[in-house]
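Spelled out from the first residue to the last, the chains are:
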Amino acid sequence: MSPVINTATAALLLSLAAPVDQPAMDRSWQHYGGSLAGDRFSPHRQLNPDNVQHIQQAWQFRTGDAVDGSEHSRPSSFKATPILLDDLLYVVSGFNRVYALAPDTGELRWRFDPEVDFGKSYSELFTARGVSAWRGSGTGHCASRIFLGTLDARLIALDSRTGRPCADFGRKGEIDLSRGIPNYRRGEYSLTSPVTVVGSTLIVGSSIGDNGGVRLESGTIRAFDARSGKQQWSFDPVPKDRRRASAAGWDPGQASRTGGGNMWSVASASEELGLVFVPTTSPSPDFFGGEREGPNSFANSVVALDVASGAVHWHFQTVHHDLWDYDLAAQPALTRLSDDGPLMLLQATKMGHLFVLDAATGEPLFPVSEGKVPKSDVPGEDAAGTQPFPSPSLALHPDSFELWDHSPAMTRYCSKLLEGRRWEGLFTPPSLEGSVLYPGNGGGTNWGSVSVDAARGIAVLGLNRLPTVVELIPRKDFKKRRRQEAGGPQGVQFTSQSGTPYGMARYDVYHPELVLPCHRGPWGTWVAVDLKHGRVLWETPSGPFPNAKDHPEASNWGSLVSGGPVMTAGGLTFAPSRWDRTLMVMASDSGQVLARIALPAEPQATPMSYQFEGRQYVVLTAGGSQPEGSMPGDFVLAFALPD
């Protein structure tokens, strides 16, 4: 069955394809991260601290792409950040359907449905963070293109004006990304984040349903030509060539059968340097490394690759021999604070560490040292003895936590969750008795990434603080434990880690009835870093958990962060606040909350901002739960000052 293109009329398509007189186009948000630098910064200043309290909804669009989970394994979500190319706004829903909207009214211009088969199972069901744009020359069909990645591992090129597939790209407008990937499993290998477009080169990663075993899909990063779809080069962070593996400190035999190390996040790039900066993940499986000995170089790293050839220019590893699922979820952000200063690369991590590197060389611009960490006592595991730590002022996550004495019942319940568990601080390795990971594998900073205002020398990022317990279970006991405990109120997740002696169980440390964390907050905050001096400038809690409102001491502890911030030249920082269904507006200089804009559903994504015909808009999607009913949201919402 061919993909569906839904447009108003043929006449409308013709009018869209024809050149029209337009004011100068805003090119400030053509990429998922705002620019190739991934800085999530808007140069517009119409909105500012003096007038933002007057901001109001300018328009609303609903995709209709929402399901309550009764027919699928989970409810739908909407995690996309729109992009703007010329006079159209593009957004993708969790169903991989693309919508082109008028940026001033939200009116639908065209819709494309790749017809993903949702009767199949997908490990990242309903996850789609955005699309990408390429601007070519001329005005004909597919002169400019929108690129869509899908859950069923396709990369599709669409004409930006009409939404019709570009027949000269790949085969009939699409590439089968599963081709050439060892150990491919349908539904477990997909593309959930937008590709990075550098010139006419597409940098493509992958999402892999990880932790199932040793032999998972290769995490190969590939480059394709934006016109033809022809592959230009590939780079596997887990080197399969024996000489490359040995040179990188891998055991060649182990590297040959180890999967993962992929980039499921988004690359950033510098056209000036001719480099693309790739954030990689942990090798498979996540929580036992006895089948992948050594530091696992290139995994859990930001890797600078030559855009033209894919050759490694430098790499910086943030975690050696990862045993905690501390992959690099955040897109690297590039910035230059002065004309003669170095191009800085900011890499936020799930540990709450912020590494600041010279983008040209990979050398740290603020001190990084190797610190001793706890050793593993699990038979067959040889954990790294040290890990890289930034200067203390850039280690943004606390190194300990205290149980919250909310009530005697909660104290008893939470104490039992942690009873007998191993906890020796950050990088406590997984164990047979169960170990506490703090932060848990959700971060720290996750895919919401970093926003940077270079003129102010400030970076803002979201930081979660939630412990997780991870337990390794001997293979002979694993199936029994899974039968006994799976589906319980704590939401314990079991994965097999096949090819190793141990399965894995993990759960978050919270009270399932109260839906509140067991430890004292803050639980989620927005943190601003002074990039000139490498220190925290301010910290503001995110919106509260609904169930925390009855507890005064917890009312200012925030809640878990989902999505990321956007800074503007007007001195504002916009950030989604999921649990109280608001869009927070903070003063970039101080973190003072200037406004909380009520939303019809939980926001799960990063906002964006642009100016169109003299009016500045802030746009975000809201696809979480709504105040009433079980149906998630399907909203694209735009805010601006009154006309």
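Residues numbered from 1 in each chain as written. Predicted model: local features only at pLDDT ≥ 70, side-chain atom pairs only at ≥ 80, totals over all residues. Heavy atoms only, no water.

**Description of the overall build of the chain**
- When its secondary structure is counted, the chain shows five helices and 43 strands.
- In terms of overall dimensions, the chain is globule-like: its C-alpha atoms have a radius of gyration of 23 Å, near the 26 Å expected for 643 residues.
- Seen through its principal axes, the chain has C-alpha atoms that stretch 70 × 60 × 55 Å.
- Taking contacts inside the chain between residues at least 6 apart in sequence as the whole, the part at least 24 apart equals 63%.
- Total accessible area on the chain stands at roughly 23,200 Å², and carbon and sulfur atoms take up 48% of it.
- Charge separation in the chain, taken as the distance between the mean sites of 57 positive and 67 negative side-chain charges, equals 5 Å. (Helix = DSSP H or I, 4+ residues; strand = E, 2+ residues; numbered from the N terminus. Rg over C-alpha atoms; globule rule 2.2 N^0.38 Å. Contact = heavy atoms within 4.5 Å. Areas by Shrake-Rupley, 256 points an atom, 1.4 Å probe, with all protein chains shown as cover. Lys, Arg positive; Asp, Glu negative; His and termini not counted. Charge placed at Lys NZ, Arg CZ, Asp CG, Glu CD.)

**Some points on the sheet that holds strand 24 (residues 354-358)**
- Sheet architecture is open: three strands sit in the order 22-23-24, paired in antiparallel fashion. What marks the edges here is a single partner per strand, and that holds for strand 22 (333-335) and strand 24. Neighbour-to-neighbour, the strand axes of the sheet open up by a mean angle of 25°, direction not taken into account.
- Sheet topology places strand 22 next to strand 23 (residues 344-348); three bridges connect them, and they run antiparallel. Along strand 23, the bridge assignment pairs Thr335 with Met344. (Pairing = 2+ DSSP bridges. Axes fitted to C-alpha atoms, helices over the stretch in contact; angles between N-to-C directions.)

**Regarding the sheet that holds strand 39 (residues 582-587)**
- With respect to topology, five strands assemble into an open sheet ordered 2-37-38-39-40, the strand pairing being mixed. Looking at strand neighbours, the two that pair on one side only are strand 2 (41-42) and strand 40 (593-598), the edges of this open sheet.
- Where strand 2 lies against strand 37 (residues 566-568), two bridges are found, and the strand directions are parallel. Paired with Ser42 across the bridge in strand 37 is Thr568.

**What to know about the state of the cysteines**
- Evaluation of the coordinates by the stated rule reveals two disulfides.
- Residue Cys142 pairs covalently with Cys166 via a disulfide, S to S 2.0 Å. Taking the torsion about the S-S bond as the criterion, the Cys142 to Cys166 disulfide, at about -100°, is left-handed. Of this pair, Cys142 sits in the loop between strand 8 (132-135) and strand 9 (144-149) while Cys166 sits in the loop between strand 10 (154-159) and strand 11 (174-176), and the two are 24 residues apart along the sequence. Residues Cys142 and Cys166 agree in their burial class; the two are buried.
- Across a sulfur-sulfur distance of 2.1 Å, Cys414 and Cys518 are joined as a disulfide pair. An S-S torsion of about -75° defines the bridge between Cys414 and Cys518 as left-handed. Of this pair, Cys414 sits in helix 4 (residues 408-418) while Cys518 sits in the loop between strand 34 (516-517) and strand 35 (524-530); the two residues are 104 residues apart in sequence, bridging distant segments of the chain.
- Looking at Cys414, the relative accessible area reads 2%, which means it is buried.
- The class of Cys518 is buried, set by a relative accessible area of 0%. (Disulfide = S-S within 2.5 Å. Buried < 20%, exposed > 50% of the residue type's maximum accessible area, 1.4 Å probe, protein only.)

**Some words on unusual backbone geometry**
- Residue Pro285 is reached from Ser284 by a cis peptide bond, and omega for that bond is -15°.
- Structurally, Pro285 is set in the loop between strand 19 (275-279) and strand 20 (301-306).
- With an omega of 5°, the peptide bond between Tyr438 and Pro439 qualifies as cis.
- Checked against the element boundaries, Pro439 lands in the loop between strand 27 (435-437) and strand 28 (450-453).
- Even without being a glycine, Asn296 presents a positive backbone phi close to 60°.
- Residue classification places Asn296 among the buried positions, given a relative accessible area of 1%.
- Notably, Val515 is not glycine yet its phi reads approximately 50°, a positive angle.

**A word on the pairing of strand 35**
- With seven of seven residues buried, strand 35 is to be regarded as a mostly interior element.
- The alternating pattern of strand 35 places Gly524, Trp526, Ala528 and Asp530 and Thr525, Val527 and Val529 on opposite faces, both of which are buried.
- Two elements, strand 35 and strand 36 (residues 535-541), share six bridges in a ladder whose sense is antiparallel. The residue bridging Ala528 from the neighbouring strand is Trp538, located in strand 36.
- Between strand 35 and the antiparallel strand that follows it, strand 36, lie four residues; Gly534 among them carries a positive phi value of about 65°.

**Looking at the pattern of salt bridges**
- Per the counting criterion, the structure on display carries 32 salt bridges.
- Between Arg506 and Asp325 there is a salt bridge, with its nearest N and O atoms 3.6 Å apart. Of this pair, Arg506 sits in strand 32 (residues 502-508) while Asp325 sits in the loop between strand 21 (312-317) and strand 22; the two residues are 181 residues apart in sequence, bridging distant segments of the chain. Across the pair, exposure class does not vary: Arg506 and Asp325 are buried alike.
- Close ionic contact of Asp327 with Lys350 constitutes a salt bridge, the shortest N to O distance being 2.6 Å. (Salt bridge = Lys/Arg side-chain N within 4 Å of Asp/Glu carboxyl O.)

**Notes on helix 4**
- For helix 4, the complete set of buried residues consists of Met410, Cys414, Leu417 and Leu418. The arc enclosing the buried residues of helix 4, seen along the axis, measures out at 90°, which places them on a common side. The outward face of helix 4, more than 90 degrees from its buried face, is lined by the exposed residues Pro408, Arg412 and Lys416.
- Looking at the packing, one finds that the buried side of helix 4 touches strand 27, strand 30 (468-474), strand 32, strand 33 (510-511) and strand 34.
- Positioned one or two residues after helix 4, Gly420 has a phi angle of 75°, which is positive. (Arc of directions from axis to C-beta.)

**So, the packing of aromatic side chains**
- The tally for this structure, following the rule as stated, stands at 26 aromatic pairs.
- The structure contains a cluster of three or more aromatic residues connected by ring pairs, namely Trp404, Trp523, Phe545, Trp557 and Trp579.
- Sitting above the plane of the Trp579 ring, Arg578 keeps its charged end 5.0 Å from the centroid. (Phe/Tyr/Trp six-rings, centres within 6.5 Å; stacked < 30°, edge-to-face > 60°. Lys NZ or Arg CZ within 6 Å of the ring centre and 35° of its normal.)

**Observations regarding the environment of Gly444**
- Here Gly444 is to be found in the loop between strand 27 and strand 28.
- Overall, the relative accessible area of 1% leaves Gly444 in the buried class.
- Expressed as a C-alpha distance, the spacing of Gly444 and His397, which sit 47 residues apart in the sequence, is 6.8 Å.
- Apart from residues lying up to four places away in sequence, Gly444 is in contact with Thr349, Lys350, Gly352, His397, Pro439, Gly462, Leu463 and Asn464.

**Thoughts on the side chain of Asp152**
- Counting through the fold element by element, Asp152 comes out in the loop between strand 9 and strand 10.
- Asp152 sits in the buried class, given a relative accessible area of 15%.
- Among the polar contacts listed, one links the side chain of Asp152 to the side chain of Thr150, at a separation of 2.5 Å.
- A polar contact is formed between the side chain of Asp152 and the side chain of Arg154, at a distance of 3.0 Å.
- Excluding residues within four positions of it along the chain, Asp152 makes contact with Val116, Tyr122 and Tyr184. (Polar contact = N/O pair within 3.5 Å; in protein donor to acceptor, adjacent residues only side chain to side chain.)

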